[in-house]
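One letter stands for each residue in the lines below.
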Amino acid sequence: MPYFSRLLLRALVAAAVAVPISGAAGSSAVPAPVPAVQPPLSSAEPAVLAGRYAASRTSILAAERSAAAAGHPTRAGALRAMAGRDRTFLSFDGRDGGRTAEVFGDLSRAGTIAVLVPGSDTDLDSYGRLHGGATRLAAQLGERGAVVAWVGYRTPATVSAQVLTTGLADEAAPGLRAFVRELRAAKPDARISLVCHSYGAVVCGSAAPALPVEAIVLYGSPGTGADTAAALRATADVWAGRGTRDWISGVPHTRVTLPFATLGLGADPVAPGFGARIFPAGTAAHSDYLKAGTPSLRAISAIVAGHDG
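Below is a short write-up of the structure. (Residues numbered from 1 in each chain as written. Predicted model: local features only at pLDDT ≥ 70, side-chain atom pairs only at ≥ 80, totals over all residues. Heavy atoms only, no water.)

### Regarding the pairing of strand β6 (residues 215-219)
Within a regular beta strand, the side chains point alternately toward one face of the sheet and then the other, so they alternate between its two faces.
Part 1: With five of five residues buried, β6 is to be regarded as a mostly interior element.
Part 2: Of the two faces of β6, the one lined by A215, V217 and Y219 and the one lined by I216 and L218 are each fully buried.
Part 3: Judged from the five bridges that link them, strand β5 (residues 191-197) and β6 form a sheet pairing that is parallel. Directly across from L194, in β6, lies its bridge partner I216.
Part 4: Of the crossover connections in this fold, the one passing from β5 over helix α7 (residues 200-207) to the parallel β6 is right-handed. (Buried < 20%, exposed > 50% of the residue type's maximum accessible area, 1.4 Å probe, protein only. Helix = DSSP H or I, 4+ residues; strand = E, 2+ residues; numbered from the N terminus. Pairing = 2+ DSSP bridges. Right-handed = clockwise from strand over helix to strand, strands pointing away.)

So this is what it looks like as structure tokens:
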């Protein structure tokens, strides 16, 4: 491994230890009640979905009351907005920063579904960024498409030791597999894709083996935990793209075994040797891929819809 990469990985670890992650700690510290257990989604019929959305709304409102009572008005206000009648959540848990699955579009009619898996620093306090991207991707897909923004795991802080390992991704993978399989059972004829940003690509890489999806789209990815697309053991087509202004290109794509951990996320997904199909991402910066009118948004939506040529 190049000497520079080793030095940089060590510097990132030192920064993770030295820099306090107050935002992540604050988000997870807001109390919320245990939500009611939801049965598996039996179908995507409108009446079934309406019942699921109503149950999640009840959980959101309970979390809003808990946050308000504990003196967290900003979180309470965000939760009141999430409980609006125009919002549709398949699941909600306000504890530990939040776990959500929100639907954008009409899932009952959708023939194309994108499961959007976000990366680091995504929780209830920063959810607006994910909401915006999911809204724009759903609009690009049109009325026969739907997007599910899945925040089913405790995301790492961008500056942390955890973002340099596959640990949180390996913990998240069973939940993502279970969610996708439930969605596939409810929509057996739909084209389902995983759309995975940043550390979310590591989660998708861990969950990939034999997952019943048609495409796995990695964008702004630091790695997948694997050295080749074939090593993911996916039955889906694996795509990767990176914008020319994305700082993630400077992350060392390697692994280093240190006395206390194995650091690094494997090979670069856009490198020729990885073996992914490459899509054009234009000049996107790390948080710009799903902005309106961008080449990356058009390319990702085409892949999700199966119009990639």
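So, next bit.
### So, empty space enclosed by the protein
The gaps left among the atoms become clear once a water-sized probe is rolled over them.
Part 1: Applying the stated criterion to the full structure yields three cavities of 30 Å³ or more.
Part 2: Considering the residues around the largest cavity, the lining is formed by L41, R52, L90, F179, E182 and L183.
Part 3: Of the residues contributing to the lining of the largest cavity, the split by class is four nonpolar, no polar and two charged. (1 Å grid on protein atoms, 1.4 Å probe; cavity = no way out; pocket = protein on both sides within 12 Å on 5 of 7 lines; lining within 4 Å. Points joined across faces, edges and corners; volume = space filled by probe spheres on them. Nonpolar A, V, L, I, M, F, W, Y, C, P; charged D, E, K, R; others polar.)

### Quick word on unusual backbone geometry
Part 1: Phi is positive for D96, which is not a glycine, with a value near 55°.
Part 2: For D96, the location among the structural elements is in the loop between β1 (88-93) and β2 (99-104).
Part 3: Unlike most non-glycine residues, R233 shows phi in positive territory, near 55°.
Part 4: For R233, the position within the fold is in the loop between β6 and β7 (237-241).

### Description of the state of the cysteines
Part 1: Under the counting rule described, the total for this entry stands at one disulfide.
Part 2: Between the sulfur of C196 and that of C204 lies a disulfide, 2.2 Å long from S to S. What sets the handedness of the C196 and C204 disulfide is the S-S torsion sign, and at about -95° it is left-handed.
Part 3: Look at C196 and you get buried, because its relative accessible area is 0%. (Disulfide = S-S within 2.5 Å.)

### A closer look at the pairing of strand β4 (residues 145-151)
Part 1: Most of β4 sits inside the fold, with seven of its seven residues counted as buried.
Part 2: In β4, alternate side chains face the same way, and those of G145, V147, A149 and V151 on one face and A146, V148 and W150 on the other are all buried.
Part 3: Sheet topology note: the strand β3 (residues 112-117)/β4 ladder contains five bridges and is parallel. Each bridged residue has a counterpart across the sheet, and for T112 the counterpart in β4 is G145.
Part 4: You can see the chain leave β3, run along helix α5 (residues 127-141) and come back into β4, and the turn it takes is right-handed.

### A look at the packing of α5 against helix α8 (residues 295-305)
Part 1: For the pair α5 and α8, interaxial distance at closest approach is 9 Å and the crossing angle is 60°. When the interaxial angle is binned, α5 and α8 end up oblique. The interaxial crossing formed by α5 with α8 has right-handed handedness. In this structure, α5 contributes R136, L137, Q140 and L141 to the contact, and α8 contributes L297, R298, I300, S301, V304 and A305.
Part 2: Class assignment of the residues belonging to the contact of α5 with α8 gives a composition of six nonpolar, two polar and two charged. (Axes fitted to C-alpha atoms, helices over the stretch in contact; angles between N-to-C directions. Parallel < 35°, antiparallel > 145°, perpendicular 65-115°, else oblique. Left-handed = near helix turned anticlockwise from the far one by under 90°. Contact = heavy atoms within 4.5 Å.)

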